[in-house]
Amino acid sequence: MKNIFALLLVSLPLSSYAITWKVIGACSETPLYQGTATADLSKSVGANTIQIFDANKVQYYGVEEGISSVNDSPVGLDAVEVVSDTLMRAYGWCYSVNGKVPLAMPHKVSFTSQNDELVWFYGYSTNKNNQWLDMCVPGTNIKPDQFCKK
């Protein structure tokens, strides 16, 4: 009986001691960067992001409060897609923790465990008739021509 118990203990998955992270652009679900990292749970998602990006040589511009560009992605007016006279999309880097997009900037959010998943993605918000309709929709949903040369 002891042998069966020992075998069961060995076969159980070991606890994870590192968050998983990904960076996804506007044109493909294939991550531009990905990995695992031990998060400092006493620091914010933003602070952990900077540490992770620096350690993994992710090409970015940003601070704990937010990421403005990865791999020289467009910013400012270059990150606006004019669809029509009444419809536009503004693009930028958004993040999710465990599949949920927080309503706070990354320096105001913390991980809860080393089992968390962090995803940074190039997303958009839609403005129609001067009304904002959504926020942080993944760009991969539409793969915009101006960023995704087909």
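Residues numbered from 1 in each chain as written. Predicted model: local features only at pLDDT ≥ 70, side-chain atom pairs only at ≥ 80, totals over all residues. Heavy atoms only, no water.

1. A look at the overall build of the protein chain
Stated precisely, the cut-off is as follows: Going along the chain from the N terminus, every DSSP run of H or I of four or more residues is numbered as a helix, and every run of E of two or more is numbered as a strand. Residue-level accessible areas treat just the shown protein chains as cover; the underlying method is Shrake-Rupley with a 1.4 Å probe.
Helix and strand content of the protein chain: 2 helices and 9 strands. Across the protein chain, helices and strands are ordered from the amino to the carboxyl terminus as α-β-β-α-β-β-β-β-β-β-β. Put simply, the protein chain shows about 9,400 Å² of open surface, and 56% of that area lies on carbon and sulfur atoms.

2. A look at helix α2 (residues 45–55)
We count it as follows: Summary of the burial criterion: residues with accessible area below 20% of their type's maximum are buried, those above 50% are exposed, and those between are partly exposed, where the area comes from a 1.4 Å probe applied to protein chains only. Note on contacts: a residue pair is in contact if any heavy atoms of the two residues lie within 4.5 Å.
The buried count for α2 comes to 8 of 11 residues, which makes it a mostly enclosed element. Taken together, the buried positions of α2 are Val45, Gly46, Ala47, Asn48, Thr49, Ile50, Ile52 and Phe53. Each element contacted by the buried residues of α2 is listed here: β1 (19–24), β2 (33–37), β3 (60–63), β4 (66–70), β6 (87–97) and β7 (117–128). Lys57 sits one or two positions beyond α2 and adopts a positive phi of about 55°.

3. Some thoughts on the environment of Leu103
Note on placement: Leu103 falls in the loop between β6 and β7. On the accessibility criterion, Leu103 (80% relative accessible area) is exposed. Along the primary structure Leu103 and Met135 are separated by 32 residues, whereas in three dimensions their C-alpha atoms are 9.6 Å apart.

4. Thoughts on the state of the cysteines
What counts, and what does not: Here, two cysteine sulfur atoms that lie within 2.5 Å of each other are counted as a disulfide.
This structure, assessed with the given rule, holds 2 disulfides. In this model Cys94 forms its disulfide with Cys136; the gap between the sulfur atoms is 2.1 Å. Between Cys94 and Cys136 the disulfide shows an S-S torsion of about -85°. By sign, it is left-handed. Of this pair, Cys94 sits in strand β6 while Cys136 sits in the loop between β8 (131–132) and β9 (137–138); the two residues are 42 residues apart in sequence, bridging distant segments of the chain. The exposure class of Cys136 is buried, given its relative accessible area of 17%. In the protein chain, the cysteines engaged in disulfides, taken in order along the sequence, are linked 1-4, 2-3.

5. What about the packing of aromatic side chains?
Inclusion rule: Centres within 6.5 Å are what make two rings of Phe, Tyr or Trp a pair, Trp counting through its six-membered ring; a difference in plane orientation under 30 degrees is then read as stacked, over 60 as edge-to-face, and the rest as tilted. A positively charged side chain is recorded as over a ring if its NZ (Lys) or CZ (Arg) lies within 6 Å of the ring centre. The angle to the ring normal must also be within 35 degrees.
One pass over the structure, following the stated rule, counts 8 aromatic pairs. Seen from their ring centres, Tyr91 and Tyr122 are 5.8 Å apart, and the 20° between their planes marks the pair as stacked. Pair noted here: Tyr91 is in strand β6 and Tyr122 is in strand β7, with a separation of 31 residues, a long-range link. Relative accessible area serves as the criterion here: at 3%, Tyr122 is assigned to the buried category. With 5.2 Å between their ring centres and 35° between their planes, Tyr95 and Trp120 make a pair best called tilted. Here Trp120 lies in strand β7 and Tyr95 lies in strand β6, a separation of 25 residues in the sequence. Accessibility classification places Tyr95 together with Trp120 in one group, the buried group. Three or more aromatic residues joined by ring pairs make a cluster, and in this case those are Tyr91, Trp93, Tyr122, Tyr124 and Phe147. Just above the ring of Tyr124 sits the side chain of Arg89; from NZ or CZ to the centre is 5.5 Å.

6. Considering the nonpolar core
So the rule is basically this: We define a nonpolar core as any set of buried Ala, Val, Leu, Ile, Met, Phe, Trp, Tyr and Cys residues linked to one another through side-chain atoms lying within 4.5 Å.
One finds Trp21, Val23, Phe53, Ile67, Val70, Leu118 and Trp120 to be the most contacted residues of the largest nonpolar core, which totals 29 residues. Broken down by secondary-structure element, the contributors of at least two residues to this core are β1, β2, α2, β4, β6 and β7. If sequence neighbours within four positions are ignored, Trp21 has contacts with Tyr33, Gln34, Gly35, Thr36, Ala37, Ile52, Phe53, Asn56, Val58 and Leu118.

7. Notes on the side chain of Ser125
As for its position among the elements, Ser125 is in strand β7. Assessed through its relative accessible area of 17%, Ser125 is described here as buried. Residues within four places of Ser125 in sequence aside, it is in contact with Met88, Arg89, Ala90, Trp132, Asp134, Met135 and Cys136.

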